[in-house]
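Examining the three-dimensional arrangement
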Amino acid sequence: MSDVDPSEVIARARSFADTGLAPRAAEFDRDERLPADVVRTMAAEGFLGAAIPARWGGLGLDPLAYGELTEVIGKACASTRALLTVHTSIVAGTLVDLASKRLKEKYLPALARGERIACFALSEENAGSDAAAVTTTYTRKGDTFVLNGRKKWISFAGIADLFLVVASDHGTTSAFIVERDAPGVDTRPMSGFLGNRATHIAEVAFADVEVPAENLVAGVGAGFGFVVNTALLHGRYSIAWAGVALAQAALEEMCSYATRREQFGVKIGTQQLVQKMVADAVTNVAAARELCRRAGRFLAPRTADAAMETNIAKYFSSTIAQRATSDAVQVLGGNGCWSGFPAERLFREAKILEVIEGTSQLQQVMIADFGYKKYARKN
Ligand SMILES: Cc1cc2nc3c(=O)[nH]c(=O)nc-3n(C[C@H](O)[C@H](O)[C@H](O)COP(=O)(O)OP(=O)(O)OC[C@H]3O[C@@H](n4cnc5c(N)ncnc54)[C@H](O)[C@@H]3O)c2cc1C
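Residues numbered from 1 in each chain as written. Predicted model: local features only at pLDDT ≥ 70, side-chain atom pairs only at ≥ 80, totals over all residues. Heavy atoms only, no water.

Details of the UniProt feature "domain: Acyl-CoA dehydrogenase/oxidase C-terminal" (unreviewed entry) in the chain
As a reminder of what qualifies: UniProt positions are given in the numbering used here, feature names are shortened, and annotations may be inferred rather than shown by experiment. Helix numbering and strand numbering both begin at the N terminus, where a helix is a DSSP run of H or I of at least 4 residues and a strand a DSSP run of E of at least 2.
Residues annotated in UniProt with the feature "domain: Acyl-CoA dehydrogenase/oxidase C-terminal" (unreviewed entry) correspond here to residues 222-369. Overall, residues 222-369 shows 76% helix and 3% strand. The separation of its end C-alpha atoms is 24 Å.

Here it is in structure tokens:
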């Protein structure tokens, strides 16, 4: 049990978000880098270990409190929120769920303190939605596994110390923790992204990289069914809250602007066509936040429905984030299309959420399949 007060953690996050992130988010986006002091503060405040249980050195927040923390950080800066998604939700969350005690002891305390940064290396040139198609290989060699291959689009690979890598041995997929300084690991920065620009995305190449056998996560063959599914469950929960964050930020932008800007001698917010966009955003943000909380309640004891509830929350939340941020651009008119206001950045960031952690189309396929099984009459 953690004796941390979640509301105190969230209050600290809000203070950091308001003073240390929101005023600088446009600069991070423009410079395509997250300054080291941001990562240091996220670590020092314990946010990078927020969802890691206290016994491994984290704050031990439950999914609902952690979701709220994600929203607070994500509303101020999408790239900083992405660090939470990748490091804390995906990698640390997967190790907490699946790693051996030895592997947990080896890495979780350092991840919880943010002394080491972790990223998730699944995607490849020809393995995106079809994640099982990875061609990065592993072979057993004595007390090690040897990895060869190339990963693409890996968030924070540019600064990470550890990589959770998914690889295949003739169709048997397994996952490994690979340390950055292992001989044969090479990263090449990628730039020019629509959003998440300050997330140090890179390609990662593995050339005969020897990994100690103890760094295998959850056993040989557990790569796709267990590790990837667990990682994506944590990642999707985080992205669902990221959608709420961006939609909430967009809502505040459009309301603030519509109540000040005058055209035709009246505030534009009095125009019914503008009111419709505001009303939709108010309603959709409230609905998305409730879906996230609902998913969080299923996740807390990890019930059988947790994965589908999380898919539903991620799908809805990323969809309405795209809609609300697009409407914010519309309400701000020319200013919405200009980097002097946050709306255009929010709009770019929201689109990313419909692509990562399972595209919206893949969510639709899974949700429809669930719907047929659950709701088709049997007679
Ligand atoms: C900013 C950013 C950060 C990222 N960070 C990471 C990271 O940290 N780690 C990592 O491993 N990867 C990362 N990725 C990669 C990301 O996970 C993939 O881009 C994503 O899974 C989609 O794969 P793809 O780009 O190959 O698209 P594709 O799989 O080629 O999909 C292209 C289109 O086809 C559609 N489609 C594909 N299959 C189906 C189907 N069966 N039914 C219906 N439609 C389908 C998709 O929905 C999509 O619209 C990142 C990507 C971005 C943009």
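And the narrative resumes.
A word on unusual backbone geometry
Positioned with a positive phi, Trp153 is a non-glycine residue whose angle comes to about 65°. Here Trp153 shows up in strand β3 (residues 144-154). The phi angle at His200 is positive, at roughly 50°, despite the residue not being glycine. Mapped onto the secondary structure, His200 falls in the loop between β6 (185-189) and β7 (202-212).

Here we look at the UniProt feature "domain: Acyl-CoA oxidase/dehydrogenase middle" (unreviewed entry) in the chain
Taking the UniProt record as the reference, the feature "domain: Acyl-CoA oxidase/dehydrogenase middle" (unreviewed entry) is found at residues 119-209. A helix fraction of 0% and a strand fraction of 53% characterise residues 119-209, whose end C-alpha atoms lie 17 Å from each other.

Describing the pattern of salt bridges
Where we set the bar: Salt bridges, as used here, are contacts in which a Lys or Arg side-chain nitrogen is within 4 Å of a carboxyl oxygen on Asp or Glu.
Taken as a whole and assessed by the stated rule, the structure comprises 28 salt bridges. The partner of Glu290 in a salt bridge is Arg293, and the shortest N-O contact between them spans 2.7 Å. Of this pair, Glu290 and Arg293 both sit in helix α8 (residues 272-299), three residues apart, roughly one helical turn. With its nearest N and O atoms 2.8 Å apart, the salt bridge here joins Lys373 to Asp369. Linking Lys373 with Asp369, this pair stays in helix α11 (residues 360-375), spanning four residues, or about one helical turn. It is possible to trace a salt-bridge network through shared partners that takes in Asp29, Arg197, Glu344 and Arg348.

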